[in-house]
Amino acid sequence: MTCGPVLVLLGVGLPEVMVGGTNVPARPMPGSVVRTAPVDEPCPMPRYSQLAAGVLLGKYDSGKARPLAHGVAFRDASGTRHTAYLKKGSKNEIIISAGAIGSPQILLLSGVGPEEHLKAHNITVVLDQPMVGRGMSDNPMNAIFVPSPNPVEVSLIQVVGIIRFGSYIEAAGGENFSPRDYGMLSPKIGQLSTLPPKQRTPEALAKAVEFMNSLDEAAFNGGFILEKIIGPVSAGHLELQTLNPNDNPSVTFNYFQDPLDLERCVRGLHTIEKVVESKAFSKFRFNDMSIPTLLNMTARAPINLLPRHENSSRSLEQFCKVTVMTIWHYHGGCQVGRVVDHQYKVLGVDALRVIDGSTFNYSPGTNPQATVMMLGRYMGQTILNERLATDEP
């Protein structure tokens, strides 16, 4: 009995050296754990389990220099290690699809990455690939909170306004946010990720929650008008912190490092100000609350706990920097032309592809999931057509 033709989308490691990878949610979406070719070992993994896995990389028997991906090592929910190998055939391959954080982490743990960084973690260097983990980006998001004297219909980003200069304007609100919370704009669900790693402590989160609990109920009646920028141009990097595949890597996005990103944010905020001051919006804001008042009110909210200046409304550039939030649109780390070719094959490695958002050089200012799904569909059809065009097993 074999697993059949499925795709391995997770994991990396070297035979008898290490098992790398990343966590899969306890109930991943259907199709998120698959394997690209028939394997010779029975499938030991339940459909929904937490896995840490690894691609096995070796050299051709003929002595060619290029490494070859020939199997997968992984641990199931009970911690038991398993290995599964590709059958012989030039069309059989491994696909990594663990996202912008997981895929570069997987390659690094497999020994594919910057030589100096791999050696620092005592990882055997299979391929010196300095661009793995580079070009990490996240579309920065900034918002202005507008308290409303009237009840506001519950709404979570249903319409987006796309501005020519590269800013996307959206809104989220409701008669009241969930009890004493700001939903996706709350530090409770990840906005602390915009802080440097060493500052993301339980104490910081507790401080944010304490501040939110001290706010008047009126502070939760209204909504946010937010802007996100296209691209972005600013980019950072991803590095391993440990060899434990269950540990998150360290990621730096360098928000607003490039002046163009900061300019787009400022112009986006100017657009929001025009909306707030418009006649159509007048019934949803208090007349005695000026734009500077709204900016300072928003800046004082504990959305990310970055250090604040006394009057953030004096400079929209400063407001952008201190109120930046994530919308979790991470991309980069295995970019096309740097880590993979235009068929998403890992440069310098045979029988290995990366197909997910980590390959993007650029992302729209709004949700990228449709782009990711179209990429998966397109490459799935491409690979299927390649296999059907050959008589190989």
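Above this text is the structure in question.
Parameters and conventions
Residues numbered from 1 in each chain as written. Predicted model: local features only at pLDDT ≥ 70, side-chain atom pairs only at ≥ 80, totals over all residues. Heavy atoms only, no water. Helix = DSSP H or I, 4+ residues; strand = E, 2+ residues; numbered from the N terminus. Buried < 20%, exposed > 50% of the residue type's maximum accessible area, 1.4 Å probe, protein only. Pairing = 2+ DSSP bridges. Polar contact = N/O pair within 3.5 Å; in protein donor to acceptor, adjacent residues only side chain to side chain. Axes fitted to C-alpha atoms, helices over the stretch in contact; angles between N-to-C directions. Contact = heavy atoms within 4.5 Å. Phe/Tyr/Trp six-rings, centres within 6.5 Å; stacked < 30°, edge-to-face > 60°. Salt bridge = Lys/Arg side-chain N within 4 Å of Asp/Glu carboxyl O.

Enquirer: For this particular structure, what's the right way to read the overall build of the protein chain?
Expert: Within the protein chain, the regular secondary structure consists of seven helices and 17 strands. Out of the 393 residues belonging to the protein chain, those deemed buried represent 51%.

Enquirer: How do you make sense of the pairing of strand S5 (residues 81–85) when you look at a structure like this?
Expert: Within a regular strand, the side chains alternate between the two sheet faces. Burial of the side chains of S5 is restricted to one face: His-82 and Ala-84 are buried, whereas none of Arg-81, Thr-83 and Tyr-85 on the reverse face is. In this structure, strand S4 (residues 67–75) lies alongside S5, joined through five bridges in antiparallel fashion. For Gly-71, the partnering residue across the bridge sits in S5 and is Tyr-85. In sequence, S4 turns back onto S5 through a hairpin of five residues, with Gly-79 there showing a positive phi of about 90 degrees.

Enquirer: Hey, could you run me through the side chain of Asp-76 in this one?
Expert: Looking at the element boundaries, Asp-76 is found in the loop between S4 and S5. According to the relative accessible area criterion, Asp-76 is buried, its value standing at 13%. In terms of polar contacts, Asp-76 uses its side chain to reach the side chain of Ser-78, at 2.7 Å.

Enquirer: Help me understand the sheet that holds strand S9 (residues 134–136), please; the structure alone is not making it clear to me.
Expert: Within a sheet, neighbouring strands are paired by backbone hydrogen bonds and run either parallel or antiparallel to one another. Strand order across the open sheet formed by three strands is S9-S15-S16, with antiparallel pairing between neighbours. Each edge of the sheet is formed by a strand with only one pairing partner; in this case those strands are S9 and strand S16 (250–252). Pairs of neighbouring strands in the sheet enclose a mean axial angle of 35 degrees, with direction left out of account. Note that strand S15 (residues 236–239) and S16 share three bridges and pair antiparallel. Its bridge partner being in S16, His-237 is matched across the sheet by Thr-252. Against the sheet, helix H1 (residues 99–109) contacts S9, S15 and S16, and its axis sits at roughly 55 degrees relative to S15.

Enquirer: Honestly, the packing of aromatic side chains in this entry has me stumped. Any pointers?
Expert: The way to describe two aromatic rings as a pair is by their centre distance and the angle between their planes. Considering all chains together, one arrives at four aromatic pairs under this definition. Their ring planes at 50 degrees and their centres at 4.9 Å tell us that Phe-145 and Phe-224 sit as a pair that is tilted. Of the two residues, Phe-145 is situated in strand S10 (residues 141–147) and Phe-224 in strand S14 (residues 222–229); the sequence distance between them amounts to 79 residues. In this structure, Phe-145 and Phe-224 share a single accessibility class: buried.

Enquirer: Looking at this structure, how should I read the side chain of Lys-228?
Expert: Along the chain, Lys-228 turns up in strand S14. Polar contacts involving the side chain of Lys-228 include one to the main-chain carbonyl oxygen of Gly-365, which spans 3.3 Å. Apart from the residues lying within four places of it in its own chain, the contact partners of Lys-228 are Pro-140, Met-141, Gly-166, Ser-167, Tyr-168, Glu-170, Ile-327, His-329, Gly-365, Thr-366 and Asn-367.

Enquirer: Help me understand the pattern of salt bridges, please; the structure alone is not making it clear to me.
Expert: Considering all chains together, one arrives at seven salt bridges under this definition. One salt bridge in this structure joins Glu-93 and Arg-353, with 2.9 Å as the shortest N-O distance. Of this pair, Glu-93 sits in the loop between S5 and strand S6 (94–96) while Arg-353 is found in strand S17 (residues 352–354), placing the two residues 260 residues apart along the sequence. By relative accessible area, Arg-353 is classed as buried at 1%. Of the charged contacts, one joins Glu-239 and Arg-134 as a salt bridge, the two residues approaching to 3.9 Å between their closest N and O atoms. With a gap of 105 residues between them, Glu-239 in strand S15 and Arg-134 in strand S9 connect regions that are remote in the sequence. A single network of salt bridges, built from pairs that share partners, joins Glu-93, Arg-353 and Glu-386.

Enquirer: Can you walk me through the pairing of S14 in this structure?
Expert: Counting buried positions along S14 yields eight of eight residues, so the element is predominantly enclosed. Pairing analysis gives seven bridges linking S10 to S14, with the strands arranged antiparallel. Looking at the pairing, Phe-145 lines up with Phe-224 of S14.

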